[in-house]
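Fold and geometry: a report
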Amino acid sequence: MRVRKAKLPDAANVHELINSLSGDGTLLRRSFPEVCENIRDFTVAESDAGIFLGCGALHLYGPHLAEVRSIVVTPAAKGKGAGGKLLKALLEEAEAHSVACVCLFTRIPDFFFRYGFRQAERTALPDKVYKDCTKCPRLHACDEIAMARGPLPRVAVLGPTQMEESLLNILQP
Ligand SMILES: CC(C)(COP(=O)(O)OP(=O)(O)OC[C@H]1O[C@@H](n2cnc3c(N)ncnc32)[C@H](O)[C@@H]1OP(=O)(O)O)[C@@H](O)C(=O)NCCC(=O)NCCS
């Protein structure tokens, strides 16, 4: 088994697997154009024979924050190490980008505790909330746990106010 950055031809597998688990809210639904547009965020796991086993994405908000999204393995691949390998690769990618904090929302916190994530207040992650939660039908009935790894961000860049300036202050202190 190996993990590698996704390429556009992986988009169909990625899209199908994510959406197979979006009906019950395990994963956020992603449209095919959205997967294609963001394919460079994705890492895929595959068998030695090149069979697709799973995927995960790292979304960059800025140097203050990245988010692990859409991490999933096929039913046949579960429990064989692909999920852990994908998560480690995404964390290494965040490190390579010098991102301070990696966040995610999940229903299975125990899996992520193993990799250094801890529970966080969702209000401490305003970029994530603005990007997804404000458009989510379960905004006021959310059953996901917010988690973070690394120091919580002191700035946010999304939202109605002009916060880009605070990001620039970090980049050019
Ligand atoms: C979560 C998921 C990606 C894990 O992938 P996986 O390939 O089965 O996980 P691994 O085999 O790499 O497991 C790594 C370790 O995590 C543990 N683990 C796996 N799933 C776990 C879970 N749900 N809760 C707690 N621990 C878990 C394994 O026991 C293993 O521990 P070990 O190293 O001590 O043996 C996979 O179960 C999945 O696709 N779930 C459905 C989608 C989902 O819920 N994604 C998360 C959205 S935030």
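The rules behind these values
Position labels on residues start from 1 in each chain and follow its written sequence. Side-chain atom pairs in this predicted model are given and counted only at pLDDT of 80 or more, local residue features only at pLDDT of at least 70, and totals for whole chains, interfaces and linings cover all residues. Strands pair, by our definition, only if DSSP identifies at least two bridges between them. Numbered from the N terminus, helices here are DSSP runs of H or I no shorter than four residues, and strands are runs of E no shorter than two. Any two residues are considered in contact once their C-beta atoms, placed from the backbone, lie within 7 Å. Under this scheme, a helix contributes an axis fitted over its contacting stretch, all axes are lines through C-alpha atoms, and angles between N-to-C directions fall in the 0 to 180 degree range. Residue burial is a threshold on neighbouring C-beta atoms within 10 Å of the residue's own C-beta, all placed from the backbone, with 20 or more meaning buried, 12 or fewer meaning exposed, and counts in between meaning partly exposed. Whether a residue is near a molecule or strand depends on its C-beta atom, generated from backbone atoms, being within 6 Å of that molecule or strand. Three categories are distinguished: nonpolar for Ala, Val, Leu, Ile, Met, Phe, Trp, Tyr, Cys and Pro, charged for Asp, Glu, Lys and Arg, and polar for the others, with Gly belonging to the last.

Some points on the sheet that holds strand 5 (residues 102-106)
Strand order across the open sheet formed by 7 strands is 1-2-3-4-5-7-6, with mixed pairing between neighbours. Each edge of the open sheet is held by one strand with a lone partner, namely strand 1 (2-5) and strand 6 (118-119). The strands that helix 3 (residues 82-96) touches are strand 1, strand 2 (42-46), strand 3 (52-62), strand 4 (65-73) and strand 5; relative to strand 3, the one it contacts most, it runs at about 25 degrees.

Remarks on the pairing of strand 3
Burial analysis of strand 3 places 9 of its 11 residues in the buried class, the great majority of the element. The antiparallel pairing of strand 2 with strand 3 creates a hairpin that spans 5 residues between the two strands, and G50 there sits at a positive phi of about 85 degrees. In this structure, the hairpin formed by strand 3 and strand 4 is closed by a connection of 2 residues.

Here's the deal with the site of the ligand
In the region of the ligand, 19 residues are neighbours, and G83, G84, T106, D110 and F111 sit closest. Secondary-structure elements contributing two or more residues to the shell around the ligand are strand 4, helix 3, strand 5 and helix 4 (109-113). A per-class count over the shell around the ligand returns 9 nonpolar, 6 polar and 4 charged.

Any functional reading would require information beyond the geometric quantities listed.
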